[in-house]
Amino acid sequence: MKRIIAFIAALAFLSGGICYAQEQEQGQEQRQEQEPVREYSKFRFSLEGGGGFRLGKISNDVSDDFKSYTKKLRRGFVYGADATWFFKEFMGVGLRYKAFSASNGATVTITDDNGYSTSGKMKDNIQISFIGPMFCTRFSSRNGLHTLTADIGVGYINYRDKGMVIEKMKLTGGTLGLLYNIGYDYALNKMWSIGVNLSSIEGTLTTLTLEQNGVKTSQTTLDKDKQENISHIDLSFTLKLNL
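Because the structure is predicted, anything quoted here is derived from the model rather than measured.

A. Region of interest: the packing of aromatic side chains. Per the counting criterion, the structure on display carries three aromatic pairs. An angle of 55° between the planes, with centres 5.8 Å apart, marks the rings of Trp85 and Phe87 as tilted. On the basis of relative accessible area, Trp85 is assigned to the partly exposed category, the value being 42%. Accessibility expressed as a relative area gives 32% for Phe87, which makes it partly exposed. Of note, Arg138 hangs over the ring of Phe86, and the distance from its end group to the ring centre comes to 3.7 Å.

See below:
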């Protein structure tokens, strides 16, 4: 799925360049014929919300008893916002923020090396946030009602898990990430439109910091099999303001 989104986005960017070249030729012909230049919105502000799914495989270290618990953490809610400036009708640059949230809880019993057992709560409250610049393309129908969009961006991904295993704990980390997005918009009027986005965010954590009882423990180099894959895909509905 990630490769499909990336391929479509790359194809859209290539098509944008071709369309822009054709637009320049058509623009010259139109100027020669003294036809009016087509107007287009230069700024776009968007809000979105929907559902997401994490792509990382469940570690083999996770016991069978907790695999169903971990699977529930792979599904979550996504929300975000972005602002874009279009310097050409088909091309623009912007800034996007997007977050994935998932949570789950259970009662567990932990037995130490001496055979003593302790029962209590286990809880995870995970948030994966992306923020960064992006390059955007769009292609609208002649009547302006339908618009296809494709975006690609690079930015910072922040990972946070505020939970507990008997006692409260917090895991944090950060890494560089990539964002791919394709979308469809339907214009309600000249300013407002609604639509749907299919997005992919890719990233892997190689460092993690554990905080428990006021003590922070950092793992600066995680083994390959213990690295946290925070890549996910999502489908969201959008509301956009075009100015």
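B. Just the pattern of salt bridges, in detail. Scanning all chains against the criterion turns up eight salt bridges. Across the salt bridge formed by Asp82 and Arg44, the nearest N and O atoms sit 4.0 Å from each other. Of the two residues, Asp82 is situated in strand S2 (residues 75–85) and Arg44 in strand S1 (residues 43–54); the sequence distance between them amounts to 38 residues. Among the salt bridges present, the one from Asp151 reaches Arg96, with a minimum N-O distance of 3.3 Å. Within this pair, whereas Asp151 is found in strand S5 (residues 146–165), its partner Arg96 is found in strand S3 (residues 91–111), the two being separated by 55 residues in sequence. Residues Asp151 and Arg96 agree in their burial class; the two are buried.

About the criteria used
Residues numbered from 1 in each chain as written. Predicted model: local features only at pLDDT ≥ 70, side-chain atom pairs only at ≥ 80, totals over all residues. Heavy atoms only, no water. Phe/Tyr/Trp six-rings, centres within 6.5 Å; stacked < 30°, edge-to-face > 60°. Buried < 20%, exposed > 50% of the residue type's maximum accessible area, 1.4 Å probe, protein only. Lys NZ or Arg CZ within 6 Å of the ring centre and 35° of its normal. Salt bridge = Lys/Arg side-chain N within 4 Å of Asp/Glu carboxyl O. Helix = DSSP H or I, 4+ residues; strand = E, 2+ residues; numbered from the N terminus.

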